[in-house]
Amino acid sequence: MGESRARSAAGRDVATLLEALPYIRQFHGRTVVIKYGGAAMTEAHLREEFARDVVLLKYVGMNPIVVHGGGPDITRYMERLGLEVRFVEGLRVSDEQTVEIAKMVLVGKQNKDIVLRINRHGQPAVGLCGDDGLLFRVRKQLGPGGADIGFVGEIERVDTEVLNDIAENFIPVVASVGSDAEGRSYNINADAAAGAVAAALGAYKLVFLTDVEGWRADPDDPDSTISEATAAEVRARLPSVSGGMRPKLEACLRALEAGVESAHIIDGRVAHSLLLELFTDTGIGTKITLGREAQ
Ligand SMILES: Nc1ncnc2c1ncn2[C@@H]1O[C@H](COP(=O)(O)OP(=O)(O)O)[C@@H](O)[C@H]1O
Ligand SMILES: CC(=O)N[C@@H](CCC(=O)OP(=O)(O)O)C(=O)O
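Conventions used here
Residues numbered from 1 in each chain as written. Chains lettered and ligands numbered in written order. Predicted model: local features only at pLDDT ≥ 70, side-chain atom pairs only at ≥ 80, totals over all residues. Heavy atoms only, no water. Helix = DSSP H or I, 4+ residues; strand = E, 2+ residues; numbered from the N terminus. Rg over C-alpha atoms; globule rule 2.2 N^0.38 Å. Buried < 20%, exposed > 50% of the residue type's maximum accessible area, 1.4 Å probe, protein only. Areas by Shrake-Rupley, 256 points an atom, 1.4 Å probe, with all protein chains shown as cover. Lys, Arg positive; Asp, Glu negative; His and termini not counted. Charge placed at Lys NZ, Arg CZ, Asp CG, Glu CD. Axes fitted to C-alpha atoms, helices over the stretch in contact; angles between N-to-C directions. Parallel < 35°, antiparallel > 145°, perpendicular 65-115°, else oblique. Left-handed = near helix turned anticlockwise from the far one by under 90°. Contact = heavy atoms within 4.5 Å. Expected span 1.5 Å × (residues − 1). Phe/Tyr/Trp six-rings, centres within 6.5 Å; stacked < 30°, edge-to-face > 60°. Lys NZ or Arg CZ within 6 Å of the ring centre and 35° of its normal.

(A) Region of the structure containing the overall build of the protein. For the protein, the count of helices and strands is 10 helices and 14 strands. For 295 residues, the compact-globule estimate of 2.2 N^0.38 gives 19 Å, and the protein sits close to it at 19 Å. Principal axes of the C-alpha set define a box for the protein whose edges measure 65 × 40 × 35 Å. Sorting the 295 residues of the protein into buried and exposed places 50% on the buried side. Of the roughly 14,000 Å² of accessible surface on the protein, 50% is carried by carbon and sulfur atoms. Charge centroids of the protein, computed over 33 positive and 42 negative side chains, lie 3 Å from each other.

Set out below in structure tokens:
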């Protein structure tokens, strides 16, 4: 059999498969932004499973875009160097040295590790940060009450063309670092970056993989996990939410307000949690939608 006949036979196989699997067919061409959190990235076997699941999404015709963190790893390197680690409402206070470490850890280490694993599972990935292809335009973000929290960046603009071009042939893997018009580098919270990317792309879903089952009404009580919430409910509770959950909920709101259908906070420590969320009717973790505002 010549190469083109083999290819068209393969095409027919895929078409037959899609015909036979109407459930999967509905996801064809859908963009899913996946925030891969540092807290869920710690175990090697989970990193492998994550890469395999992302590749599977691409195989079934979805358009996965990975935005990753690596906060615990940044903290580890800062501690090794004897630097003070401080967070304000989930954002790391970042002096010049901190940004340098964040850049090395996120862009040099974590990003390349994710790219390599995805490549090895059969779909090529391309790693980039906000500077590559001028993906992000960033400005300095202030803390609560206008406090100076250093070189923490806020994304003003995402160049969707860069991501769409890459996504045609590769799986984009984005590290949350970028710079402003003067060329100063900033450390960007990865939840915020994922929210900005999902909003700009008008993604179908935004999924956060983290190290808790979902958003808890009481942060200390695992039985208080909220399975569904509307944007209005999130807004009402937001002032009392602290730690790493705060930038996630803010990012969910930003994405939903820009037209993303739903945002999900799920447990990345559970094997194949991404597939369980996307390909089961009930899903897992916390699902947030615009609710009645959408009508
Ligand atoms: N209401 C809440 N519900 C769930 N987790 C919460 C809540 N408030 C704070 N947290 C904390 O947020 C953490 C997840 O955020 P973070 O550590 O930044 O993870 P990631 O690396 O996935 O972004 C949880 O481990 C938990 O300690
Ligand atoms: C400004 C800011 O908070 N930057 C984050 C970037 C990494 C990140 O967000 O990692 P996780 O998703 O694993 O938390 C930080 O330095 O930790």
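Let us keep going from here.
(B) Representation of the packing of helix 4 (residues 71-80) against helix 5 (residues 96-120). One can describe the packing of helix 4 onto helix 5 by two numbers: an axis separation of 9 Å at closest approach and a directional angle of 130°. Looking at the two axes, helix 4 sits oblique to helix 5. As for how helix 4 packs across helix 5, the hand of that crossing is right-handed. On the side of helix 4, the interface is formed by Asp73, Ile74, Tyr77 and Met78, while helix 5 contributes Thr98, Ile101, Ala102, Val105, Leu106, Lys109 and Gln110.

(C) Quick peek at helix 3 (residues 44-59). For helix 3, with 16 residues, the first-to-last C-alpha span of 23 Å sits near the 22 Å given by 1.5 Å per residue. Along helix 3, the residues that are buried comprise Leu46, Arg47, Glu48, Glu49, Phe50, Ala51, Asp53, Val54, Val55, Leu57 and Lys58. Gly61 occupies a position one or two residues after helix 3 and carries a positive phi of about 95°.

(D) Quick look at the packing of aromatic side chains. Tallying each qualifying case throughout the model produces four aromatic pairs. Taken together through their ring pairs, the aromatic side chains of Phe27, Tyr204 and Phe279 make up a single cluster. For Arg80, the ring lying beneath its charged end belongs to Tyr77, and the centroid distance is 4.7 Å.

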